[in-house]
Amino acid sequence: MLTLKDKTPRILVIGDLMIDHYLWGKCERISPEAPVQVVAIERETSVLGGAGNVVHNLAALGADISVMSVVGDDSNAQELRTLLSDINVKDSFLFTQSGRNTSKKSRIIASQQQVVRYDKESTEDISQESQTYMIETLSTIIMDYDSILLSDYGKGVLSTYFTQAVITLAKKYNLKVLVDPKGTDYSKYQGAYLLTPNKKEAIIASGINIYDEISLTKAIISLQDTCDLTVSLITLSEDGIAIYDNALRVHPTVAREVYDVTGAGDTVLASLGFSLASGYRIDKAVKFANLAAGVVVGKLGSATATLNEIIEYESSLNKSTSDSHIKTLEEITLLSHELKKRGKKIVFTNGCFDILHVGHVKYLEEAKSYGDVLILGLNSDESVRRLKGPTRPVNTEDDRAYILASLEAVDYVVKFYDDTPYNLIKAVKPHILVKGGDYEGKEVVGQDIADELRLVHFVEGKSTTKTIERIKGNNENNYC
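These remarks concern the structure in this document. (Residues numbered from 1 in each chain as written. Predicted model: local features only at pLDDT ≥ 70, side-chain atom pairs only at ≥ 80, totals over all residues. Heavy atoms only, no water.)

1. Points about helix α9 (residues 307-316)
Part 1 of the reasoning: Among the 10 residues in α9, eight count as buried, and that is most of the element.
Part 2 of the reasoning: Buried-residue contacts for α9 involve α1 (51-61), α7 (264-277), α8 (282-296) and α10 (329-341). (Buried < 20%, exposed > 50% of the residue type's maximum accessible area, 1.4 Å probe, protein only. Helix = DSSP H or I, 4+ residues; strand = E, 2+ residues; numbered from the N terminus. Contact = heavy atoms within 4.5 Å.)

Structure follows, in structure tokens:
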């Protein structure tokens, strides 16, 4: 997954954009006019919905995104453009069709319970003029992208004619087209690289009831043949994702806790598109999509997953290597900001940790107990030599970093090359700074930055210096 950290694939999302609008309040009485609840509205929120949620997921992953769609000449269209701007996505390819209603779904929530939803939208196919204009535009920009994602919510943007034109054009330039389908007739997606129907949708579209591996294989092959797909795929909810090219594989789900499956399909489409456009093969891309979906279903409402969240989640499932916990200064700066936004309390400590011993481990375990995430600043080899002399360190910075990153108490290790970790602490801005008890009454580097300083007493008789002395003593005795 670390191979995706430096990737910024260029992805074009085409589909039905909409606004998910929420009115939040409380209900304490029934209307005297009719037997209905009276909801006192306390706040109002709006987020991108439909194809916009795919865009939002891609933005969270770090893709370079463009979006193409048709909106109305109404206030909802302007609000939608603002929501795109908020996540730094340009609206250059949003085309206005006079008389069309931009989709907006409004939900009234009383005490966390949805009371009613009302929609304002157009669902008929966009005009032939709009379709022609978008095809002409696509033909001039298509070479700027690594892949195309079609998000069909059945609101008229992805008409059969337009969808087939997009797929034909993409094939001409060897671009993969990934589709989240809608409806019962998938023939309009013929020639796409893959579709992402769920099990229920696949049963309806294929006409085959899926109840075991044999029926799953028949259905997935039927979809591949009917739609001329390179890869046939069916999402199986808690059972994972099934794929078929020349053979059937089912990649199991990796979700630990499921709070809300809202938007999980959008996450699967976005993460598949992101990873395939970044060079992953299909099986590896599906595993990545499973991890992304595992993050999202653990949140409430339509949600997104960042690469850092996915890496952290993979680590929590014991599927990551220790070096994935070793970060650069730039990486930890961004990660610290993200962790704080998620409400995590960050603890920071630093040291040489040359020959790891029980004193080190107990010190780090206590440091971690003060917060949610422990970031460890590790002196580089040159830094250790300046502090300890020319014979130190015994172990190289890479070896020390890997061993420390493998400890359960340590979340991230960052090497620093100055004499002090001040610049690193300044980048992390931890809530709690931890140092050894020998610093009691002394000035601690970075305590002006952290919210709180805590001192941890070392285990008596345990130190790297004493360990080295003991090794030397044993060697001398053996020699004699």
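2. Notes on the packing of aromatic side chains
Part 1 of the reasoning: One pass over the full model with this rule turns up five aromatic pairs.
Part 2 of the reasoning: Both rings, one in Tyr186 and one in Tyr189, keep their centres 5.7 Å apart while their planes meet at 65 degrees; by these two values the pair is edge-to-face.
Part 3 of the reasoning: Take Tyr186: its relative accessible area is 3%, and that puts it in the buried class.
Part 4 of the reasoning: Taking the relative accessible area as the measure of exposure, Tyr189 reaches 0% and is therefore buried. (Phe/Tyr/Trp six-rings, centres within 6.5 Å; stacked < 30°, edge-to-face > 60°.)

3. Thoughts on the nonpolar core
Nonpolar side chains tend to gather and get buried jointly when the protein is soluble and globular.
Part 1 of the reasoning: Judged by nonpolar contacts, the single largest core of 50 residues is most densely connected at Val13, Leu58, Leu194 and Leu272.
Part 2 of the reasoning: The element best represented in this core is α8, accounting for 10 residues.
Part 3 of the reasoning: By size, the runner-up hydrophobic cluster in this structure holds 40 residues, among which are Leu138, Leu169, Ala170 and Ala192. (Core = buried A, V, L, I, M, F, W, Y, C linked by side-chain atoms within 4.5 Å.)

4. Section: the pairing of strand β6 (residues 103-110)
Two faces, one strand: in a regular strand the side chains alternate between the faces of the sheet.
Part 1 of the reasoning: In terms of burial, β6 is largely enclosed, as eight of its eight residues are buried.
Part 2 of the reasoning: Of the two faces of β6, the one holding Ser103, Lys105, Arg107 and Ile109 and the one holding Lys104, Ser106, Ile108 and Ala110 are both buried throughout.
Part 3 of the reasoning: With eight bridges joining them, strand β2 (residues 17-30) and β6 adopt parallel strand pairing. Within the sheet, the bridge partner assigned to Trp24 lies in β6 and is Ile109. (Pairing = 2+ DSSP bridges.)

5. Concerning unusual backbone geometry
Part 1 of the reasoning: Pro393 follows Arg392 through a cis peptide bond whose omega is 5 degrees.
Part 2 of the reasoning: The topology assignment puts Pro393 in the loop between α12 (381-388) and α13 (397-405).
Part 3 of the reasoning: One non-glycine residue, Gln112, lies in positive phi territory at about 70 degrees.
Part 4 of the reasoning: Among the secondary structure elements, Gln112 is positioned in the loop between β6 and β7 (113-120).
Part 5 of the reasoning: The backbone of Lys429 shows a phi angle near 50 degrees, a positive value even though the residue is not glycine.
Part 6 of the reasoning: Position of Lys429 relative to the elements: it lies in the loop between α14 (422-428) and β18 (432-436).

6. Comments concerning the packing of α8 against α9
Part 1 of the reasoning: At a closest axis distance of 9 Å, the pairing of α8 and α9 adopts a crossing angle of 95 degrees. Between α8 and α9, the angle falls in the class roughly perpendicular. Contacts between α8 and α9 involve Phe288, Leu291, Ala292, Gly294 and Val295 from the former and Leu307, Glu309, Ile310, Tyr313 and Glu314 from the latter.
Part 2 of the reasoning: Among the residues making up the contact of α8 with α9, the classes are represented as seven nonpolar, one polar and two charged. (Axes fitted to C-alpha atoms, helices over the stretch in contact; angles between N-to-C directions. Parallel < 35°, antiparallel > 145°, perpendicular 65-115°, else oblique. Nonpolar A, V, L, I, M, F, W, Y, C, P; charged D, E, K, R; others polar.)

7. So, empty space enclosed by the protein
Part 1 of the reasoning: According to the stated counting rule, one finds two cavities of 30 Å³ or more in the structure shown.
Part 2 of the reasoning: Counted as a void, the largest cavity has a volume near 70 Å³.
Part 3 of the reasoning: Around the largest cavity, the lining residues are Asp16, Leu17, Ser69, Val70, Arg100, Asn101, Thr102, Ser103, Ser122, Lys155 and Val157.
Part 4 of the reasoning: Classifying every residue of the lining of the largest cavity gives three nonpolar, five polar and three charged.
Part 5 of the reasoning: Reported here for the second largest cavity is a volume of approximately 30 Å³.
Part 6 of the reasoning: Lining the second largest cavity, in full, are Asn57, Leu61, Thr267, Ala270, Ser271, Ala292, Ala305 and Ile310.
Part 7 of the reasoning: For the lining of the second largest cavity, the secondary-structure elements that each account for two or more residues are α1 and α7.
Part 8 of the reasoning: Element by element, the count of residues in the lining of the second largest cavity is highest for α7, at three residues.
Part 9 of the reasoning: The residue inventory of the lining of the second largest cavity, partitioned by class, reads five nonpolar, three polar and no charged. (1 Å grid on protein atoms, 1.4 Å probe; cavity = no way out; pocket = protein on both sides within 12 Å on 5 of 7 lines; lining within 4 Å. Points joined across faces, edges and corners; volume = space filled by probe spheres on them.)

8. Brief notes about the sheet that holds strand β14 (residues 326-327)
Part 1 of the reasoning: Pairing in this open sheet of six strands is parallel, and the strands run β14-β17-β16-β15-β18-β19 from one edge to the other. Sheet topology places β14 and β19 (452-456) at the edges, where each strand pairs with a single neighbour.
Part 2 of the reasoning: As paired strands, β18 and β19 are joined by five bridges and run parallel to one another. The partner of Leu433 across the bridge, within β19, is Leu453.
Part 3 of the reasoning: Against the sheet, α13 engages β14, β16 (373-379) and β17 (412-416), with an angle of about 165 degrees to β16.

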